[in-house]
Amino acid sequence: MTELANIEETTADEHRPDYSESIKIAIDTLNRIEAHTRQLYIDVYGRQVAIAKNYIWVASTFIAFTLGYYDRVLANAFSSQRAITQWDVAIAATLACIALGAAVAFFLSITISWGSSGDEHGVHISQVFYVDNVLAADPVSATQILAHYTGLIDCADDSLNQTMAIIHRKGLTLRKIGLILQVSFALCIVSLVIHLMEELL
C-alpha cells in the first residue's frame, strides 16, 4: 500500500503544473514596473519641480517690475500731483495685467513645487508590494503565489498609471504658466513702449 501511495503521489507531482517560471516572470515584471514608476516620479517629477521653482523667480521679478514701474512712473499721477492722461491709464491697465498674470503664475508654481495630496503614492509603492506577509505565515501553493503576484502587478500598474496622470497634469499646468509668463513679458515691453510714446508725444 505504501509503494502504491508513493507511486500515486509521484504521478500526481508529475502532472502538477510547474508555475516556477511564471512566478519568476511575474516577479521580474513587478520589479520593472516599480523601477519605471520610481524613475518617472524621481526624474520627471523632479524636473518639473525644478522648472516650477524657476517660474517662481520669474513671476517674482515681474511683480517687482510692476511695483517699481508704478512707483517711478504713475505714483505722482495717481496721487493728484499732476493730471492723469490716457497714457497713464493705458500703462496702469498693462501693469495690472502683468501683476495679475505674475500672481497666478507664482501661485501655480508654488502649488507644483510643494506638491499636493495624492502625489506621494508613487514613492511608496514598494510598501504596497510587500506589506502582505500572509505568504510567509503559511505554506501556500504555487497557484496562490502566482495569483498573489498577479494581483500585485495589477496594483503596480494602477500606481504607474496614476503617477503618469499626475505628471501629465502638472506638465499641462507648467505649459500654462509658461504661456502666462510669456504674455506678461510681452506686456512689459508694451508698457515700456507706451511710456516712451508718452514721453515723445
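### Brief notes about the overall build of the protein chain
Looking only at helices and strands, one finds six helices and zero strands in the protein chain. Going residue by residue from the N terminus, the α and β elements of the protein chain occur as α-α-α-α-α-α. Buried residues in the protein chain amount to 30% of all 201 residues. Look at the contacts in the protein chain between residues 6 or more apart in sequence, and 89% of them connect residues 24 or more apart. Surface summary for the protein chain: the accessible area is close to 12900 Å², and the carbon and sulfur share equals 63%.

### Quick notes on the packing of aromatic side chains
All told, the structure shown has one aromatic pair when counted by the stated rule. Measuring from centroid to centroid gives 5.4 Å for Phe-65 and Tyr-69, while their planes differ by 75 degrees, and the two rings are edge-to-face. A residue pair is termed a helical-turn pair when its members lie 3 or 4 positions apart in one helix, as Phe-65 and Tyr-69 do in helix H2 (residues 20-78) at four residues. Given the relative accessible area of 25%, Phe-65 is considered partly exposed. Looking at Tyr-69, the relative accessible area reads 7%, which means it is buried.

### Describing the confidence of the model for the protein chain
Averaged over every residue, the pLDDT of the protein chain is 77; the share at 70 or more is 74%. Confidence drops under pLDDT 50 across residues 3-9; counting only partners more than four residues distant or on other chains, this segment forms zero contacts. In the model, residues 120-139 has pLDDT below 50 throughout and makes 27 contacts with residues more than four positions away in sequence or in other chains.

### Digging into the nonpolar core
Judged by nonpolar contacts, the single largest core of 17 residues is most densely connected at Phe-62, Ile-91, Leu-95, Ile-177 and Leu-181. For this core, the secondary structure elements donating two or more residues are H2, helix H3 (86-114) and helix H6 (142-200). Residue contacts for Leu-95: discarding those within four places in its chain leaves Phe-65, Thr-66, Tyr-69, Tyr-70, Leu-74 and Ser-191. Counting residues in hydrophobic clusters, the runner-up holds twelve residues, among them Ile-23, Leu-30, Leu-146 and Ile-153.

### Some words on the packing of H3 against H6
In helix packing, the relevant descriptors are the interaxial angle and the interaxial distance, both defined with respect to the helix axes. Axis separation between H3 and H6 bottoms out at 9 Å; the angle between their running directions is 160 degrees. Classified by the interaxial angle, the pair formed by H3 and H6 is roughly antiparallel. Helix-helix and strand crossings are classified by hand; for H3 and H6 the assignment is left-handed. Here the contact of H3 with H6 is composed, by residue class, of 19 nonpolar, seven polar and three charged.

### Points about the environment of Gln-162
If you trace the backbone, Gln-162 turns up in helix H6. Between the alpha carbons of Gln-162 and Thr-37 there is a distance of 9.6 Å; along the sequence they are 125 residues apart. A polar contact is formed between the side chain of Gln-162 and the side chain of Asp-158, at a distance of 2.6 Å.

### Details of the pattern of salt bridges
Within the structure shown, the criterion is met by two salt bridges. Here Arg-32 makes a salt bridge to Asp-28, at a shortest N to O gap of 2.8 Å. With Arg-32 and Asp-28 both in helix H2 and four residues apart, this pair spans about one turn of that helix. With a relative accessible area of 59%, Arg-32 lands in the exposed category. Given a relative accessible area of 36%, Asp-28 falls into the partly exposed group.

Rules and cut-offs
- For every chain, the first residue of the written sequence is number 1, and numbering continues from 1 along that sequence.
- Reporting of local features is limited, given that this is a predicted model, to residues whose pLDDT is at least 70; pairs of side-chain atoms are given and counted only at 80 or more, and all residues count toward the totals for whole chains, interfaces and linings.
- Side-chain descriptors were evaluated using all non-hydrogen atoms of the structure, hydrogens and water having been removed beforehand.
- Secondary structure counts use DSSP, requiring at least four H or I residues in a row for a helix and at least two E residues in a row for a strand, with both numbered from the N terminus.
- Buried residues are those whose accessible area, probed at 1.4 Å on protein chains only, stays under 20% of the maximum for their type, while exposed residues exceed 50% and partly exposed ones sit between those limits.
- We call two residues contacting when some pair of their heavy atoms lies within 4.5 Å.
- Computed by Shrake-Rupley with a 1.4 Å probe, the accessible areas treat only the displayed protein chains as cover when residues are assessed.
- Paired rings are identified among Phe, Tyr and Trp, the last through its six-membered ring, by centres lying within 6.5 Å, and are further divided according to the angle between planes into stacked (under 30 degrees), edge-to-face (over 60) and tilted (the rest).
- Residue-level confidence of the predictor, termed pLDDT, takes values from 0 up to 100.
- Residue types Ala, Val, Leu, Ile, Met, Phe, Trp, Tyr and Cys, when buried and joined through side-chain atoms within 4.5 Å, form a set referred to as a nonpolar core.
- Working convention: axes come from line fits to C-alpha atoms, limited for helices to the stretch in contact. Angles between N-to-C directions cover 0 to 180 degrees.
- Just so you know how the angles are binned, under 35 degrees is roughly parallel, over 145 roughly antiparallel, 65 to 115 roughly perpendicular, and the rest oblique.
- Note: crossing handedness is left-handed where the near helix turns anticlockwise from the far helix by less than a right angle, and right-handed where it turns clockwise.
- Residues are grouped as follows: Ala, Val, Leu, Ile, Met, Phe, Trp, Tyr, Cys and Pro are nonpolar; Asp, Glu, Lys and Arg are charged; all remaining types, including Gly, are polar.
- Counting of polar contacts relies on pairs of N or O atoms within 3.5 Å, with two restrictions inside protein: one atom must be capable of donating a hydrogen and the other of accepting it, and residues adjacent in sequence are counted only when both atoms are side-chain atoms.
- Criterion for a salt bridge: a side-chain nitrogen of Lys or Arg within 4 Å of a carboxyl oxygen of Asp or Glu.

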